[in-house]
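Spelled out from the first residue to the last, the chains are:
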Amino acid sequence: MLYSTPSLLAFFAGMLMIFYQTLDFKIPKWQNKDSLIGTNPGLGFRPMPPEAQVDSTLIQFKHGIKGDWQYWVHSLTEFLEPTPGTYETLTSSGQEFTNCDFDKPPQEGKACNFNVELLGDHCTKENNFGYELGKPCVLIKLNKIFGWRPEVYNSSAEVPEDMPADLKSYIKDIETGNKTHMNMVWLSCEGETANDKEKIGTITYTPFRGFPAYYYPYLNVPGYLTPVVALQFGSLQNGQAVNVECKAWANNISRDRQRRLGSVHFEIRMD
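Rules and cut-offs
Residues numbered from 1 in each chain as written. Predicted model: local features only at pLDDT ≥ 70, side-chain atom pairs only at ≥ 80, totals over all residues. Heavy atoms only, no water. Helix = DSSP H or I, 4+ residues; strand = E, 2+ residues; numbered from the N terminus. Buried < 20%, exposed > 50% of the residue type's maximum accessible area, 1.4 Å probe, protein only. Contact = heavy atoms within 4.5 Å. Pairing = 2+ DSSP bridges. Expected span 1.5 Å × (residues − 1). Arc of directions from axis to C-beta. Polar contact = N/O pair within 3.5 Å; in protein donor to acceptor, adjacent residues only side chain to side chain.

K.L.:
Which residues make up the environment of Glu-175, and what are the values?
P.N.:
Structurally, Glu-175 is set in helix H4 (residues 165–177). According to the relative accessible area criterion, Glu-175 is partly exposed, its value standing at 22%. Setting aside its immediate chain neighbours within four residues, Glu-175 contacts Asn-154, Ser-155, Ser-156 and Met-182.

K.L.:
Can you break down the pairing of strand E11 (residues 263–270) residue by residue, with the values?
P.N.:
Along E11, six of the eight residues are buried, which leaves the element largely enclosed by surrounding structure. Pairing geometry for strand E2 (residues 58–61) and E11, over four bridges, is parallel. Within the sheet, the bridge partner assigned to Leu-58 lies in E11 and is Glu-267. Where strand E10 (residues 242–249) and E11 come together, six bridges link them in antiparallel fashion. For Cys-246, the partnering residue across the bridge sits in E11 and is Val-264.

K.L.:
Summarise H4; cite the residues concerned and give the values.
P.N.:
End to end, H4 covers 19 Å across 13 residues, agreeing with the expected 18 Å (1.5 Å per residue, within 8%). Every buried residue of H4 is accounted for by Leu-167, Ile-171 and Ile-174. All buried residues of H4 lie within an arc of 60° about the axis, which places them on one face of the element. Of the exposed residues in H4, the ones pointing more than 90 degrees away from its buried face are Ala-165, Asp-173, Thr-176 and Gly-177. On its buried face, H4 is in contact with strand E6 (184–191) and E10.

K.L.:
Give me the lowdown on the side chain of Asn-40, citing residues and values where you can.
P.N.:
Its location among the elements puts Asn-40 in the loop between helix H1 (5–21) and strand E1 (43–46). A polar side-chain atom of Asn-40 sits 2.6 Å from the main-chain amide nitrogen of Ser-254. Among all residues touching Asn-40, those that are not within four sequence positions of it are Ile-145, Asn-252, Ile-253, Ser-254, Leu-261 and Gly-262.

Treat this as a map of the structure, not an account of what it does.
The structure is reproduced here in structure tokens:
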């Protein structure tokens, strides 16, 4: 039996309509261990090198008034542009946002507001994200996995042995001073080698030393804003490239540099 071209087109169009009716464009069919992404989030950093340098992870710039830092500032500005600055702006846009805190998780169907003003006065467009002054900012984000919830450390006694000593000490102080802030995916960033550790200088973390757990799980709520941590390198040495490795810490996050699980690598050089 022969079918005409219009009949075949109509048949396939009908099949596609049936197929699309079975899809949920908000909730993925395959999740967590059944998905290609898996259950272990990685980390990402911004600003990224130009697209022409697709394999590069180097942030290199010359600071000062006559420096060549403009690309990096523009890249960070573009990355933060989709993030409205105030809660009033968010609610007036009609999107489902709410202000959250460590003891105030979001209501069902709502997304926590991440306010760029939380990044402080130094890692801002107005301050050229510190690049002109030779104190560059790098933003770190935890990659999104639908439905994933962090299993946080409930006490400092639970943290792994290989966690950096300064972060262990910081967590102990938080546990003593404000235990609600333990509800956190912790972040450490340091030089990869002993030489890098010497050259990296001081790092300031803003607004927190990690990612508050109230931003998770990611459920594809319209307007969800990915929380970021701003690192500011306060004392880089001129002409010295530094290899930086950042790691995320929670009970259900493994860290594997080769497989890019729970960590991210980049280099930074200031001239």
